[in-house]
Every structure is written in structure tokens, then in C-alpha cells.
Amino acid sequence: MNSMKVSPTKGNLIAAKKSLALANTGYELMDKKRNVLVREMMLLVDQVKELRGTITETYAQAYEALQFANISLGVITIIANAVPIEDTITVRYRSVMGVEIPSVGIKELKDIKLPYGFAESNSNLDEAYLLLLKAKQISCVLAEIDNSVFRLARAIQKTQKRANALKNIVIPNFEANIKYISDALEEKDREQFTSLKVIKSQKTKKQPQA
């Protein structure tokens, strides 16, 4: 908004002051939202670092146990086909300052029942199966957190842009408009006051002296 194009009227001055107040309130809200989102994201980022290390180690152990199982039992394709397809995963959402964050759920591992018989397996296969179950659980948590971090980062970027626009463009423009209108009105008042003094002085000179 260019202050030179604003008509210097009292109505425009009142409107500009109201707009400035709204812009300042908007900036405060944007700044608060950004801080909350950044804090939320930093908590998740710390979890991601820990989970990535855990899941990498879990998969490495699982594949090693699976290799030993293949060596001792031969190719275990038939046994692998007996493992049921995972269908307990659910996805819900929660809102953090208007940002939809996913919550990925999966059936907890309580009473684990092996989907194959003991006669056709060994401890290496059991270990590989249990480790892969653990990796599946971690993968769900990691998927939730990764997606949450991505959504939060994108929301922070948008919020930052809006906050910067308010702080660096909108608010300074309103402040400039208010100063321009206020200065113009003050100048107008001075001119009117001076004119009134001149008129009063002229009237005084024209009055007949007693």
C-alpha cells in the first residue's frame, strides 16, 4: 500500500490505525504459531534420529538371522508365505495449531503366535521373525514421525513467510500511512489556525475605535 495515494482524512486515519492493530495482532499470532510448530518439530526430530539408528540395527540383525535360517533350512519361501499380511495398521490425525499431524497405529505385540510349525523351523527363523515384527512396529512409528516433520516444516515455512510479510511490508506500510495522514491533518489544522488568526486580526483592524 502506497501512503502517497491515501487521502489524508480522519476517516482514513481511523481505518489505518485499526488495520495496523489487526496487522500487529496477526503478526503476534503468526509468531506464536511458528514457535509452537518449531518446538513440536524439534521434539520429533530428536525421536527420528534415535529411531533411524534403532531400525537400522534391527533390520541388520533380522537379515543376519534370516540368512542363517536360509542356510540351515534351505529356501524358506513356503514358510514365508504362511506369514499373514499385516492389516491392523490405522491412521488418524490430530491438529497442532491447525496442522493435521498423522497418528499411525498398529496392533501391539502381546501374545505372539508363530504362523508356522516348530517342526519346519528353528531358532534362527524365530529370531528373524521376531526382529522383523519389531522392525515393522518401528517402521510405523518412523513413518508417523517423518510425515509429521514434513507437514510441520511446510507449515512453519508458510507461517514464516506470512509473519515476514506482516512485519516487513504490511505493518511498515500502515505505519507510513498513519504518519502521512497525521502529518497532513496537522498541517491542515495549522493552516486553518493561521487563516483564522489572520481573519480575526483583519476584523479587529476594521472595527471602529472608541
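All values derive from a computational prediction rather than experimental measurement.

Draft legend 1. Layout of the overall build of the protein chain. Each helix and strand in the protein chain was counted, giving three helices and two strands. In sequence order, the secondary structure elements of the protein chain are arranged as α-α-β-β-α. Counting across all 210 residues of the protein chain, residues that qualify as buried make up 28%. Restricting to contacts in the protein chain with at least 6 residues of sequence separation, those with at least 24 account for 80%. Accessible surface, the protein chain: about 14700 Å² in total, of which carbon and sulfur atoms supply 57%.

Draft legend 2. Just the environment of G105, in detail. Mapped onto the secondary structure, G105 falls in strand β2 (residues 99-105). G105 sits in the partly exposed class, given a relative accessible area of 23%. Between the C-alpha atoms of G105 and V91, which are 14 residues apart in sequence, the distance is 6.2 Å.

Draft legend 3. Highlighting the pattern of salt bridges. Scanning the model with the defined rule gives five salt bridges in all. Residue R94 is joined to E40 by a salt bridge in which the shortest nitrogen-to-oxygen separation is 3.1 Å. On the criterion of sequence distance, the pair formed by R94 in strand β1 (residues 90-96) and E40 in helix α1 (residues 10-73) is long-range, its members being 54 residues apart. The partner of K136 in a salt bridge is E86, and the shortest N-O contact between them spans 2.6 Å. One end of the pair, K136, is in helix α3 (residues 123-206); the other, E86, is in the loop between α2 (77-81) and β1, with 50 residues separating them in the sequence. The class of K136 is partly exposed, set by a relative accessible area of 25%. E86 sits in the partly exposed class, given a relative accessible area of 29%.

Draft legend 4. The arrangement of the packing of aromatic side chains in detail. Following the criterion strictly, the structure yields one aromatic pair and no others. Centre to centre, the rings of Y59 and Y63 are 5.9 Å apart; their planes meet at 20 degrees, and the pair counts as stacked. Residue Y59 and its partner Y63 are located together in helix α1, separated by four residues, close to a single helical turn. Of the residues examined, Y63 reaches a relative accessible area of 47% and is grouped as partly exposed.

Draft legend 5. Broad picture of the side chain of R34. Here R34 shows up in helix α1. With residues up to four places along the chain from it excluded, the contact list for R34 reads Y27, I156, T159, Q160 and A163.

Draft legend 6. Focus on a nonpolar patch on the surface. A cluster of nonpolar side chains, I89, V91 and Y93, forms an exposed patch at the surface whose accessible area comes to about 290 Å². Along the chain, I89 falls in the loop between α2 and β1.

Draft legend 7. Region of the structure containing the pairing of β1. Bridging between β1 and β2 involves seven bridges; their strand directions are antiparallel. When the sheet's bridge partners are listed, V96 is paired in β2 with V99. The turn linking β1 back onto β2 is made up of two residues, and M97 within it adopts a positive phi angle of 55 degrees.

Draft legend 8. Highlighting the nonpolar core. Ranked by size, the top nonpolar core spans 16 residues in total, and within it L37, V99, I145, V149 and L152 carry the most contacts. Only α1, β2 and α3 provide two or more residues apiece to this core. The element best represented in this core is α3, accounting for seven residues. Counting 13 residues, the second largest nonpolar core, distinct from the first, contains V6, A163, I171 and I178.

Draft legend 9. Looking closely at the environment of E40. Along the primary structure E40 and L152 are separated by 112 residues, whereas in three dimensions their C-alpha atoms are 8.0 Å apart. When residues no more than four places from it in sequence are discounted, the contact partners of E40 are R94, V96 and L152.

Draft legend 10. Main features of the side chain of S148. Note that S148 resides in helix α3. A relative accessible area of 2% places S148 in the buried class. In contact with S148, other than residues within four places in its own chain, are L44, I101 and P102.

Thresholds applied
Residues numbered from 1 in each chain as written. Predicted model: local features only at pLDDT ≥ 70, side-chain atom pairs only at ≥ 80, totals over all residues. Heavy atoms only, no water. Helix = DSSP H or I, 4+ residues; strand = E, 2+ residues; numbered from the N terminus. Buried < 20%, exposed > 50% of the residue type's maximum accessible area, 1.4 Å probe, protein only. Contact = heavy atoms within 4.5 Å. Areas by Shrake-Rupley, 256 points an atom, 1.4 Å probe, with all protein chains shown as cover. Salt bridge = Lys/Arg side-chain N within 4 Å of Asp/Glu carboxyl O. Phe/Tyr/Trp six-rings, centres within 6.5 Å; stacked < 30°, edge-to-face > 60°. Patch = residues over 30% accessible without salt bridge, like charges linked within 9 Å, V, L, I, M, F, W, Y side chains within 5 Å. Pairing = 2+ DSSP bridges. Core = buried A, V, L, I, M, F, W, Y, C linked by side-chain atoms within 4.5 Å.

These results come straight from atomic positions and should not be treated as a statement about function.
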